[in-house]
Amino acid sequence: MSDKNLNVISKQDAYMLIAKLISKRSKDPNTQVGAVIVSDKDRILSLGYNGFPNGCSDDDFPWAREAESEYDTKYPYVIHAELNAILNFFGDNHNLVGSSLYVTLFPCRECTKAIIQSGIACIYYEDNKYGHTLDHKEACRMLDAAGVRYVQYSPSEASFKNIFGS
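A quick note: this is a predicted structure, and the numbers were derived from the prediction, not measured.

Chemist: I tried to follow the sheet that holds strand E2 (residues 44-49) on my own but got confused; where do I start?
Modeler: Pairing is mixed in the open sheet, where five strands are placed in the order E2-E1-E3-E4-E5. The two strands at the open ends of the sheet, each matched to only one other strand, are E2 and strand E5 (149-152). In this sheet, adjacent strand axes meet at a mean angle of 15° when their direction is disregarded. Relative to E2, strand E1 (residues 34-38) runs antiparallel, the two being bridged by five bridges. Bridged to Ala35 within E2 is Gly48. Packing against the sheet, helix H2 (residues 81-88) makes contact with E1, E2 and strand E3 (100-105), and its axis sits at approximately 135° to E2.

Structural data, given as structure tokens:
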């Protein structure tokens, strides 16, 4: 007879829930994205969320989505969660080879390039709100050519309730 706890969540649910949690560090008023890189041995290697580069105050740079000039929008300045997770990794970059990325939003084409170059083998994404765009098609084309798998994945409702209650 065992007394072990059987009320546990899956590893994949845990990683995606961590991505969702770290996304809440983003000060972006429109889209908060979180990313977790996990080794092929199930070790968390790095975390990231979308925000401005170190030293660029979120009080001095714009968060606007639209303005008369792109200069006054967030787009030239924000680093996406996936790239931040790659940049935040403090180990030998060869340790990223074969890893998985859990991210709350499907990567853009620019982050896709960094994902491919870093050797990440699989992307688990929760949302794909830009799936209808050319950017998405370009990202998928590169991922397919490079042999990087991408799978839509959402944590189970049971796991979410297990962590956060009803």
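So much for the structure itself; the text now carries on.
Chemist: Explain the side chain of Asn84 to me, please; I cannot follow it from the model alone.
Modeler: Relative to the helices and strands, Asn84 resides in helix H2. For Asn84, the contacting residues outside a window of four places in its chain are Leu47, Gly48, Tyr49, Gly51 and Ile79.

Conventions we followed
- Residues numbered from 1 in each chain as written.
- Predicted model: local features only at pLDDT ≥ 70, side-chain atom pairs only at ≥ 80, totals over all residues.
- Heavy atoms only, no water.
- Pairing = 2+ DSSP bridges.
- Helix = DSSP H or I, 4+ residues; strand = E, 2+ residues; numbered from the N terminus.
- Axes fitted to C-alpha atoms, helices over the stretch in contact; angles between N-to-C directions.
- Contact = heavy atoms within 4.5 Å.

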